[in-house]
Amino acid sequence: MPELPEVEAIARTIEPLIAGRRILATRLLHPIVARNSPCDTDGPLSLANARARKVIGVCRRGKYLLIELDRGWLAYHFRLSGQFVWYDRRRPLGHVDFALDFPSGTLGFVDERHLGRVRWLDRPEDLPGIARLGLDPLSRDFSGERLAGVLRGSRRPVKLVLMDQEKIAGLGNIWTAESLWQARIDPRRRAETLSGRETRDLARSVARVVRRALKSCLDPAPDFRNPEWWFENGDKMARVYAREGRRCGRCGAVIRRVEQGGRSTYFCPGCQR
Ligand SMILES: [Zn+2]
């Protein structure tokens, strides 16, 4: 599932392909990706507002990818398996749910599981999921002090607070697990019990982990022309995520998996306290 680093890499890589270009046509092939609910008709219809608009730029907020138009915005959420595929003029479309036709080719939003979503918006903040986003780990404001403000008074496990998009924007299961391992903090700890030093370590670890992940996502950068493209280096970077039963590279203890909030949490009982 694309988290902050993956979506940021997609935004930076797709921008040169479409910035300054005008959208000739929009094609919604599978309307489900534009629906808020099963009977929502406004969502699918509103996507036509992007037709004839010029792309100003591409950016990310949390795990949302935003295409800024000369009037309005398109907001994409990739969820588990959504992705972009670029089709040159001569190449026929494969499975595409929503297509933007440019003079130079077509940007397809593809999600065979139909969990990803695309919306047209007047302003990004019109989408509650964007308006309520918390602190972004790539922003200059992200610091131990700001993180302390987020964790203070919270009795929830620290991992679930880090994954709460209204607290910290963009972290998901993988990079949260890696950040907590880097900071040697047990993901089950109640957030309010972290000391000032642990909180500063955690903020540094989060910032370092997402920056390193972003770098690996850009090298090699996504190849949107290959419909099978996906990030290759994330798994190689993981020191604890999805490594249940294997030995911790830092202390040699056996990595454990527990469930938190319905998702798997991986951690090392030897060195995460
Ligand atoms: Zn360990």
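Residues numbered from 1 in each chain as written. Predicted model: local features only at pLDDT ≥ 70, side-chain atom pairs only at ≥ 80, totals over all residues. Heavy atoms only, no water.

A. The arrangement of the pairing of strand 6 (residues 98–102) in detail. When you tally the buried positions in strand 6, you get 5 out of 5 residues, the bulk of the element. By the alternation rule, side chains of strand 6 split into Phe-98, Leu-100 and Phe-102 and Ala-99 and Asp-101, which are all buried. Here strand 1 (residues 25–28) pairs with strand 6 via 4 bridges, running antiparallel. Across the sheet, residue Arg-27 finds its bridge partner in strand 6, namely Ala-99. Here 5 bridges tie strand 6 to strand 7 (residues 105–110), and the two strands are oriented antiparallel to one another. Looking across to strand 7, one finds that Leu-100 is bridged to Leu-107. Here strand 6 hands over to strand 7 after 2 residues, the two strands then running antiparallel side by side. (Buried < 20%, exposed > 50% of the residue type's maximum accessible area, 1.4 Å probe, protein only. Helix = DSSP H or I, 4+ residues; strand = E, 2+ residues; numbered from the N terminus. Pairing = 2+ DSSP bridges.)

B. Broad picture of the domain arrangement of the chain. When its domains are assigned, the chain resolves into domain 1 (4–131) and domain 2 (144–238). With centres defined by C-alpha atoms, the gap from domain 1 to domain 2 works out at 26 Å. Taken together, the contact between domain 1 and domain 2 spans 19 residues of the former and 19 residues of the latter. Interface area for domain 1 against domain 2, summed over the two sides, is near 1,800 Å², with a carbon-plus-sulfur share of 67%. Between the two partners, domain 1 and domain 2, sit 1 salt bridge. Ionic pairing is found between Arg-225 and Asp-88, a salt bridge with its closest N-O pair at 3.5 Å. Contributing elements (two or more residues each) for the side of domain 1 that touches domain 2: helix 1 (4–18) and strand 5 (83–88). With 10 residues, helix 1 is the single largest residue contributor to the side of domain 1 that touches domain 2. (Domains from an automatic or database assignment. Contact = heavy atoms within 4.5 Å. Buried area = accessible area lost by both parts, 1.4 Å probe. Salt bridge = Lys/Arg side-chain N within 4 Å of Asp/Glu carboxyl O.)

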